[in-house]
Amino acid sequence: MKTTNFSVAPIARAVTTGLLLLAPVAGFAQETPSDAEIEKIEVKGSLGSLPGQDVEAVFGFGKSILETPRSASTISDEQMERFNVSDIDELVAFAPGTFTQSFFGVAGSLDIRGNPGEAYFRGVKRLDNPGNYPTPIGASSRVDIVRGPASPIYGPAKIGGYLNFNPKSAKVSRGKYIEEPQGAISYTAGSWDKSVLTAEVGGPGKIADKEMGYYIYGELENSGSYYDNTSTDQTVIQASFDVDLSDKLNIEFGGMYHDYAGNQVAGWNRLTQDLIDNGTYITGTAKPLDTDGDGSISHQEYDAVEALINPFIFPNTSGWTADDFDDLMALDNPGTAKLRGNQVLVAPDDRLENTVTTLYFDVVYYSDSNWEIKNQLFYEAYENINENAYGFSQFHDSWVVEDKVVFSADYEIDDLYAQVQISPSLRYTDFEHGDDFHHEFFDRRDLTMPSSALDRRLLSTRIDDDYTDYYIGNYLDLGFAVMTDLTWEWGLNVVLGARYDSIDLESRIPTDKLLFGNGSNSFISLSEDGQYIYGFGGETDITAPVSASNTLDGVSWNASISYKTPIGLIPYVTAAEQTTLVAGQGAEIWTGNIESGAAMDTSDLFEFGLKGSFIDDTLYFALAIYEQERTDFNAQMVVTNNVTKNEGAEFELRWVVNESLVVTAGYSKTEVTNITALENGFQFGFLGADDFPDLEDPSAIYGGLPIGNFSVGEGSSNPNARKAGIPENIYSLTATYDFQNGYATSLSVIDADSTKSGFSGAVTLPAYTLVNAGLSYQDENFGVNLTVKNLTDERYFRSNFPDLFGSQIVLPELPRHFNVKFSYKF
């Protein structure tokens, strides 16, 4: 285990050395800038990194990040462009508390404070996307990251936090647009045949003599991958329009279309500590099960050999040897080999395809009585299919429409500045979702060989039958929220808010599509006190209802107090309770959760912090210490919404040292406890070879699937039910230097502790330091940005679903690679 003692000196030396090494390359053409150029640099030198601008994403009052009594960060498009950020997982360098475990290699959403986060588009929640498709960020003017539950104005949300994407727009402020048309074309090439083409254009205009602005963005990618049998083809089209119908009325509308085709990457299977430390892989082939010779193993062919998923092991694995497992689980011709990071559990016909359409239409009216009325209409739909030869497939066909009205006003009463918001809202979600994971055998495939009938399963999405789960339904959320922001001239600020939600839910199971019973809900059991438990180990087995409907309600609230001291420090305290809707990967709700009432839950947050801005507002820092918890440990959705208690601290610093140098630093300490496991005394999961300390020959189990309940409590390997896969301490530092002649350098460093791959803690993933460095040139029109990622070729890993699969699979991360982006702006 890597020590948590830390010195900034090594990172500081790395940053200094990197910038100095790059400096001679850029410095040969350095000229003394003119006064006009210096003025321009003074305006743009911060790259939008400072928190001075208004951010609506937290409470909706247009407060800056500095003034907002919550832990939040914002990343501008200028920062993302300078550091050549390509997906949301890289945002951890700029926003503490956002380290994200692998969701089978797909950067769909961030983990925030150790829990899956939400994604918002212009302040409205999108459909769930834990790993349905990689979320595009190139079309955003800014990404806001808020840690902890959402404001009551935004409705039910997960406990961890959320990202808010602000699409590029021609609007500068109310009634003002960019002065003349502008645009850009770029092409990015890189390692493993990376190929991305983008084009964008925006400007002012008129419609029937009405002032308006437009911005259109397009992206086309056709890239290979470091990982075998993996590629990315995607198209993104985004448009935004703003029209001033009068001095008091304007409309904002637009949308995004994203068509993605790729695949998930499970990573390495047959996981052992020796594989992590030395790359030593257990080879060998599984026993043949394809009795009908069609090239795939059906569920029925698996079920004919029950020994492959026996024994069910509880409560501990000590004493188990090869003699305790059925011979059918043993590999033929076992041996060892050195495994490369690109050799992963992906078959040539694996696929992840997703089409998502996002639309919005806002009407904003400014009355003579000081009230602003904003109606936000939002629509999103996706169709998704996901197929993996080792034994997992699913599909979603879901859509959502939300209409939210926000009445807002502000008043000045003596030394008090008061803002108020009143917001009724309606949100309707329709879902159809199928899952196929009953025989999900990661270890049967030998990664030194191609996928074959020895490991390839007949997938439900290819025959439209034998699903593990299948849900069709909808839910309607009627909400009403009020908030106020009170600021006194002498420095005190109070933010108060409350919300009530009533949700009508319906869901049904088409049992003719299922492999058995009523799906995986049949695995739900009851504890002695009559509570629902997901997995096994309860006293009474139950069967989920074929259909269910219910009306559930909940109350959310927020209370924050902060004080702006004369010396620039702003201490704050925030307490909040947030309603949470427990939905799955395709926005589906289980019938069992609807009937029991567990489809709705609450989350609590208590946070106190300190913020400050100094040196003429060029240096900003924020410190937050928090505790947040899901309060109902029975409302467990293992994939998308774990029941956890989160404790930790976050520190962030941003400093525009001068017109050339911008530095940021971050630190996060995160401890996540799985409350469900702690309360039940166990955690269900897939077992790996290292979970059996007395098993000398791992090949004895790789043809099958050992499953069981990991013990929690005194004497167990995880007595405190700590969530695995999340480094307890993470440090980050970024720096960029502009030479004032078009050349600029950038460097980012992330230092992460070692962590456990799975809940049992049998395998430890090493600590690592990840360094990215870049050199760019930009004149009035042309630009080029060369970025080397993982500059030191660090060997590191990310856990994959640690609570469930962490003992069997892990994702080896990318070695050293490069991207070069050519651009033309006009």
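Here the structure is a predicted model, which means the values were calculated and not measured.

**Considerations on the overall build of the protein chain**
If you tally the helices and strands in the protein chain, you get nine helices and 43 strands. Evaluated residue by residue, the protein chain yields a buried proportion of 60% over its 826 residues. Working note: accessible area of the protein chain is about 30800 Å², and carbon and sulfur atoms make up 55% of it.

**With respect to the pattern of salt bridges**
Within this structure, the stated rule accounts for 36 salt bridges. The salt bridge involving R126 is made with E380; its shortest N-O contact spans 2.8 Å. Here the residue R126 occupies a position in the loop between β5 (124-125) and β6 (140-147), and E380 occupies one in strand β19 (residues 371-388), the gap between them amounting to 254 residues. Residue R126 shares its accessibility class with E380, and that shared class is buried. Measuring nitrogen to oxygen at the nearest pair gives 4.0 Å for the salt bridge that ties K645 to E627. Here E627 lies in strand β30 (residues 619-630) and K645 lies in strand β31 (residues 644-656), a separation of 18 residues in the sequence. Classification of E627 by relative accessible area gives partly exposed; the value is 35%.

**Observations concerning the sheet that holds strand β7 (residues 161-167)**
Read from one edge to the other, the open sheet built from five strands follows the order β1-β6-β7-β4-β5, with strand pairing classed as mixed. Strands with a single pairing partner mark the edges of an open sheet, and in this sheet they are β1 (72-76) and β5. Pairing between strand β4 (residues 118-121) and β5: two bridges, direction antiparallel. Bridging from a neighbouring strand, F121 pairs with V124 of β5.

**Side note on the environment of A93**
In this fold, A93 is placed in the loop between α3 (77-82) and β2 (111-112). By relative accessible area, which is 5% here, A93 ends up buried. Between the alpha carbons of A93 and L733 there is a distance of 6.9 Å; along the sequence they are 640 residues apart. Among residues more than four places away in sequence, those in contact with A93 are T664, S732, T734, S748 and I750.

**Let's talk about the nonpolar core**
In summary, soluble globular proteins display a tendency toward joint burial of nonpolar side chains. Counting residues in hydrophobic clusters, the biggest one holds 60 residues, and the most contacted among them are L91, I145, L163, Y475, L505 and I589. Not counting residues up to four positions away in its chain, the partners in contact with I145 are S71, A72, S73, I75, L91, A95, T98, L110, I112, Y162 and L163. Grouped together as the second largest cluster of nonpolar side chains are 55 residues, F104, A266, L308 and F442 included.

Here is what the cut-offs are and how they apply
The residue numbers shown here count from 1 along each chain, following its written sequence. Side-chain atom pairs in this predicted model are given and counted only at pLDDT of 80 or more, local residue features only at pLDDT of at least 70, and totals for whole chains, interfaces and linings cover all residues. Remark: hydrogens and water are excluded; side-chain values derive from all non-hydrogen atoms of the structure. Counting from the N terminus, the helices are DSSP H or I runs at least four residues long and the strands are E runs at least two residues long. The classification of residues rests on relative accessible area computed with a 1.4 Å probe and restricted to protein chains. Under 20% of the type maximum is buried, over 50% is exposed, and intermediate values are partly exposed. All accessible-area figures derive from a Shrake-Rupley calculation using a 1.4 Å probe, and residue coverage is judged against the displayed protein chains alone. For this document, the term salt bridge refers to a Lys or Arg side-chain nitrogen within 4 Å of an Asp or Glu carboxyl oxygen. Between any two strands, pairing holds if DSSP finds at least two bridges. Note on contacts: a residue pair is in contact if any heavy atoms of the two residues lie within 4.5 Å. Nonpolar core, defined: a set of buried Ala, Val, Leu, Ile, Met, Phe, Trp, Tyr and Cys residues in which side-chain atoms within 4.5 Å join the residues together.

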